[in-house]
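Commentary on secondary and tertiary structure
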Amino acid sequence: MDKLKELWPIYSKGLLAENPIFILALSLCPALAVTTTVINGLTMGLTVTFVITSNNVVVSLVRHLVNPKVRVPVYITSIATIVTVAQLVLQAYFPVLYKAMGIYLALVVVFAIILARAEVFASKNGPIRSFADGFGMGCGFTLAMLIISAIRELIGSGTLLGYQVMGSGYEPMLMMILPPGAFILIGYLVAATKTWNAHREKIEAQEARRREAREGAEG
């Protein structure tokens with residue numbers, strides 16, 4: 001139980017406090033390009049989750065064996081290997097999704113968030129903590145991709161998961177399935193997330209002051 005309490009903050013920070021897209025503004029290219037449908041957004045999110053979690057564990061395991069001068073090429077080689085495995089699995093079992101991802105699936109190798117977590121966290125921590133960090137960041141990335149793709153598909157096509165949910169009289173907003181619409185939407189979502197985080201931090205600071213005041217009065 002104590003171990004889980006220790007890992008929860010590491011995992012949960014990637015969901016909102018340090019969300020890769022809404023807070024860190026990393027790997028925005030797929031958020032603009034492949035989120036026209038929920039299926040595409042979910043596929044990219046799960047792929048990145050698998051890659052970033054696996055790579056974090058690998059980097060954590062070999063961190064004492066790698067010369068710091070060549071660590072970046074080693075990290076990129078590890079990422080490329082894992083991405084290749086993900087590509088082959090999608091190509092073999094989900095060819096339609098593989099084609100829908102297009103070139104962006106191969107570009108996962110150079111996603112900044114994956115290399116950043118390897119450099120900032122996994123290279124300095126053990127496998128379990130690195131797994132929690134990678135999985136949390138991956139889940140945060142997937143959550144952001146799902147939110148963006150659901151809004152874009154609903155407004156831009158009138159569907160969700162390919163099923164028509166808007167009435168026959170609904171006129172889809174074409175702009176929402178184009179990159180400019182995604183860019184505007186992401187801007188609003190980033191603003192909303194940062195506003196929520198600022199509000200949450202303000203509440204936590206007020207609670208901390210109240211606790212200090214109670215403790216001072218009791219002392």
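Broken down by element type, the chain carries 9 helices and 2 strands. Taken from N to C terminus, the helices and strands of the chain fall in the order α-α-α-α-α-α-α-α-β-β-α. Its C-alpha atoms put the chain at 70 × 50 × 30 Å along the principal axes. The contacts in the chain between residues at least 6 apart in sequence include a share of 76% that link residues at least 24 apart.

So, on to a positive patch on the surface. On the surface, a cluster of positive charge is made up of Lys-202, Arg-209, Arg-210, Arg-211 and Arg-214. Position of Arg-214 relative to the elements: it lies in helix α9 (residues 179–218).

A separate point is helix α7 (residues 112–120). Along an α-helix, a turn takes 3.6 residues, which lines up residues three or four apart on a common side. Buried within α7 we find Ile-113, Ile-114, Arg-117 and Ala-118. Here the buried residues of α7 occupy an arc of 135 degrees about the axis, which is enough to place them on one side. Buried positions along α7 lie against α3 (38–62), α4 (71–93) and α8 (127–157).

With that out of the way, let us pick up the environment of Pro-20. Note on placement: Pro-20 falls in the loop between α1 (2–12) and α2 (28–33). The residues contacting Pro-20, other than those within four sequence positions of it, are Gly-14, Ala-25, Leu-26, Ile-113, Met-137, Gly-140 and Phe-141.

This part takes up the nonpolar core. In terms of nonpolar packing, the biggest core is built from 27 residues, with Ile-21, Met-44, Val-108, Ile-114 and Ile-148 touching the most fellow members. Secondary-structure elements contributing two or more residues to this core are α3, α4, α7, α8 and α9. If you tally residues by element for this core, the top one is α8, at 5 residues. In contact with Ile-114, not counting residues within four places along its chain, are Val-51, Ile-52, Asn-55, Ile-79 and Val-108.

In this section: the environment of Asn-125. Within the secondary structure, Asn-125 sits in the loop between α7 and α8. Sequence separation between Asn-125 and Gly-187 is 62 residues; the distance between their C-alpha atoms is 33 Å. Apart from residues no more than four positions distant in its own chain, Asn-125 is found in contact with Ser-60, Arg-63 and Ser-130. A distance of 2.9 Å separates a polar atom in the side chain of Asn-125 from the backbone oxygen of Phe-121.

Turning to a nonpolar patch on the surface, a few remarks are in order. A cluster of nonpolar side chains, contributed by Ile-39, Leu-160, Leu-161, Tyr-163 and Val-165, occupies part of the molecular surface with about 480 Å² of accessible area. With respect to the helices, strands and loops of the structure, Ile-39 is situated in helix α3.

On to the pattern of salt bridges, then. Evaluated as defined, the whole model comprises 5 salt bridges. Linking Asp-133 and Lys-13 is a salt bridge whose minimum nitrogen-to-oxygen distance equals 2.8 Å. With Asp-133 in helix α8 and Lys-13 in the loop between α1 and α2, this residue pair connects regions lying 120 residues apart in the sequence. Lys-13 carries the same exposure label as Asp-133, and that label is buried. Arg-71 is paired through a salt bridge with Glu-119; the nearest N and O atoms lie 2.9 Å apart. Of the two residues, Arg-71 sits in helix α4 while Glu-119 sits in helix α7, which places them 48 residues apart along the sequence. For Arg-71, a relative accessible area of 30% puts it in the partly exposed group. A cluster of three or more residues bridged by salt bridges with shared partners is formed by Lys-13, Arg-117 and Asp-133.

Calculation notes
- Along each chain, numbering runs from 1 in the same order as the chain's sequence is written.
- This being a predicted model, a pLDDT of at least 70 is required before a residue's local features are given, and a value of 80 or more before pairs of side-chain atoms are given or counted; all residues contribute to the totals for chains, interfaces and linings.
- Hydrogens are left out, water is left out, and the side-chain values use all remaining heavy atoms of the structure.
- To qualify as a helix, a DSSP run of H or I must reach at least 4 residues; to qualify as a strand, a run of E must reach at least 2; elements of each kind are numbered from the N terminus.
- Here, two residues are considered to be in contact whenever any of their heavy atoms come within 4.5 Å of each other.
- Without a salt bridge and with relative accessible area above 30%, a residue can belong to a patch; like charges are then joined within 9 Å and nonpolar side chains (Val, Leu, Ile, Met, Phe, Trp, Tyr) within 5 Å.
- Only the protein chains shown count as covering a residue, and every accessible area follows the Shrake-Rupley method with a 1.4 Å probe.
- Throughout this description, the term salt bridge denotes a Lys or Arg side-chain nitrogen within 4 Å of a carboxyl oxygen of Asp or Glu.
- Just so you know, the count uses Lys and Arg for positive and Asp and Glu for negative, and it drops His and the chain ends.
- The atom standing in for a charge is NZ when the residue is Lys, CZ when it is Arg, CG when it is Asp and CD when it is Glu.
- Exposure is judged per residue with a 1.4 Å probe applied to protein chains only, and the accessible area is read against the type maximum: over 50% gives exposed, under 20% gives buried, and values in between give partly exposed.
- When we speak of the arc, we mean the arc of directions from the helix axis to the C-beta atoms.
- Residues belong to a common nonpolar core when they are buried Ala, Val, Leu, Ile, Met, Phe, Trp, Tyr or Cys residues joined through side-chain atoms within 4.5 Å.
- In protein, a polar contact requires one atom able to donate a hydrogen and another able to accept it; more generally it is a pair of N or O atoms within 3.5 Å, and residues adjacent in sequence count only if both atoms are side-chain atoms.

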